[in-house]
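Here is how the chains run, residue by residue.
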Amino acid sequence: MSSETEAQIIIDTCHTTIHTLGRQNGTKDKRLRYMEKDGRFPVVFQKAPGEWSPYLMDIFTTLVEIRWRVMLLVFSLSYIVSWLFFGFCYWLIAFVNKDTDNPDSKPCVENVRSFTAAFLFSLETQATIGYGFRGMTENCMVAIIVVTIHDVLSCFIDTIVIGIAVAKMASARKRAQTVGFSSCAVVNLRNGVLCLLWRLGDFRGNHILEGTARAQLVRYVRHPLGSIKMLYEDLDIESRDIILATPATIIHKLKPGSPLYSLGPDDLLEEDFELVVSFTYPGDSTGMLHQTRTSYTPADIRWGQRFQDMLKVGKKHYKVDYALFNETMWVQVPMLSAEEYDRGRAPVEDSQSQSTLLNSVSICRNGCRVKPDVTEEIVLEARL
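Asks: Report on the overall build of the protein chain, specifying residues and quantitative values.
Replies: When its secondary structure is counted, the protein chain shows nine helices and 15 strands. For the protein chain, the proportion of its 384 residues judged to be buried stands at 33%. For the protein chain, long-range pairs separated by at least 24 residues make up 65% of all intrachain contacts whose partners lie at least 6 apart in sequence. Of the roughly 24600 Å² that the protein chain leaves accessible, carbon and sulfur atoms contribute 57%.

Asks: Kindly report on the nonpolar core, identifying the contributing residues and their values.
Replies: If you look at the biggest cluster of nonpolar residues, it comprises 34 residues, and the most contacted ones within it are Leu196, Trp198, Leu275 and Phe279. Where this core is concerned, the elements lending two or more residues are β3 (179-181), β4 (185-190), β5 (193-202), β6 (212-222), β8 (248-253), β9 (274-282), β11 (301-303) and α8 (338-365). Listed in part, the 13 residues of the second largest apolar core include Ile93, Val109, Ala143 and Val146.

Asks: Any details on a negative patch on the surface? Residues and values, ideally.
Replies: Side chains of Asp266, Asp267, Glu270 and Glu340 sit close together on the surface and give a patch of like negative charge. Here Glu340 shows up in helix α8.

Asks: Quick rundown of empty space enclosed by the protein? Include the residues and the values.
Replies: As enumerated under the stated definition, the model contains two cavities of 30 Å³ or more in all. Empty space within the largest cavity amounts to approximately 60 Å³. Around the largest cavity, the lining residues are Val187, Leu196, Leu254, Leu260, Leu263, Leu268, Phe273, Ile301 and Trp303.

Asks: Give a description of the side chain of Thr297 that names residues and reports values.
Replies: Structurally, the position occupied by Thr297 is in the loop between β10 (289-296) and β11. Setting aside residues no more than four positions away along its own chain, Thr297 makes contact with Arg33, Phe273 and Glu274.

Rules and cut-offs
Each residue is numbered by its place in its chain's sequence as written, counting from 1. Local features in this predicted model are restricted to residues whose pLDDT is 70 or higher, and side-chain atom pairs enter the listing and the counts only when it is 80 or higher, whereas totals over whole chains, interfaces and linings include all residues. Note that water and hydrogens are dropped before the side-chain values are worked out from all heavy atoms of the structure. In this description a helix means any DSSP run of H or I spanning at least four residues, a strand means any run of E spanning at least two, and both kinds are numbered starting from the N terminus. Summary of the burial criterion: residues with accessible area below 20% of their type's maximum are buried, those above 50% are exposed, and those between are partly exposed, where the area comes from a 1.4 Å probe applied to protein chains only. Contact between two residues is taken to exist if any of their heavy atoms lie within 4.5 Å; hydrogens are not considered. Here the accessible surface of atoms and residues is derived via Shrake-Rupley with a 1.4 Å probe, and residues count as covered only by protein chains that are part of the display. In this text, buried Ala, Val, Leu, Ile, Met, Phe, Trp, Tyr and Cys residues form a nonpolar core when linked through side-chain atoms within 4.5 Å. Residues with no salt bridge and a relative accessible area higher than 30% make up the patches, which join like charges within 9 Å and nonpolar side chains (Val, Leu, Ile, Met, Phe, Trp, Tyr) within 5 Å. Here a salt bridge means any side-chain nitrogen of Lys or Arg lying within 4 Å of a carboxyl oxygen belonging to Asp or Glu. His is not counted here, nor are the chain ends, while Lys and Arg score as positive and Asp and Glu score as negative. For the purpose of locating charges, the reference atoms are NZ of Lys, CZ of Arg, CG of Asp and CD of Glu. Both cavities and pockets are sets of points on a 1 Å grid over the protein atoms alone; in a cavity a 1.4 Å probe fits but cannot get out, in a pocket the set is open with protein on both sides within 12 Å along at least five of seven lines, and lining residues sit with an atom within 4 Å of a point. Grid points are joined across faces, edges and corners, and a volume is the space filled by probe spheres set on the points.

Shown next as structure tokens:
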């Protein structure tokens with residue numbers, strides 16, 4: 001069988017292995033993810049009734065984190081409730097002062113003789129409309145105090161509404177949507193070492209010039225008594241500090257000490273872990289700290305593939321083709337774990353090192369100047 005045919009067999013085996021991961025066709029339960037691909041955590045907090053005090057104590061953060069439709073509903077209700085409340089106060093003042101019964105009396109508020117008129121006066125006061133038909137008089141001190149409190153409260157509500165709206169529009173989640181990871185991770189050889197790689201790119205024109213990447217392997221362990229414990233293992237990656245002017249490839253070498261060192265392509269079928277990766281960076285426009293994150297399950301790891309080249313050098317610019325950001329291509333990679341691969345090539349490296357030492361000894365004896373004790377040490381090492 002030719003070498004090309006053997007390479008094709010390896011690729012077909014890898015292809016079958018990868019596509020059986022995560023596609024169970026209903027035979028098995030779907031594996032629960034620790035983190036979704038968009039960075040959200042499928043975690044539900046179960047609390048006892050009445051434990052809402054932390055959310056109310058930090059009401060600003062609560063309103064910033066809620067959905068837009070809920071926030072608009074809350075703000076609309078805050079205005080409407082305040083108009084109704086102070087409208088009732090103005091109507092009550094007019095009723096006590098008998099402005100509703102005697103039009104010739106000295107009113108506390110001009111032309112407020114019903115609840116509808118009081119509600120309209122409340123709306124005009126808080127919205128500073130000022131039609132000129134209804135107005136406060138100096139006849140009632142209580143009405144003047146209520147109008148003062150109403151004006152202060154209306155400024156307070158406007159400040160909260162504007163502040164939270166601006167905070168939601170400048171939220172770190174929005175900027176994080178323009179910085180993304182590749183949809184899959186790949187395993188291939190780099191400089192003779194099996195490596196796990198994934199891509200990171202910035203899709204905006206104002207690029208990020210500083211950021212830190214991180215990767216963790218997350219899995220849960222079920223104890224015999226039924227309790228569940230989450231385990232976290234940090235992965236060593238090259239070049240944690242990244243300049244993201246162009247897409248970057250993050251590399252984790254499968255070497256001794258790595259939790260993936262003993263896993264091969266077939267072993268991934270039996271594993272249940274999740275690779276959580278993140279990129280933390282300050283926004284160049286606002287200076288706020290942002291974080292983009294995603295996760296890779298064993299089904300998202302493609303053994304024996306590499307990312308296609310998407311960076312080209314032009315005459316005046318570096319050209320990046322983001323259409324190839326998630327595209328991969330097949331390469332020849334040993335269908336072994338990194339541990340088995342290193343064990344298989346170790347005798348070859350030892351024989352090469354011994355031949356190198358013997359050659360150096362012969363070269364030194366034929367003319368180079370070295371100390372006698374150094375030559376003896378080299379000969380001893382070569383014999384060993």
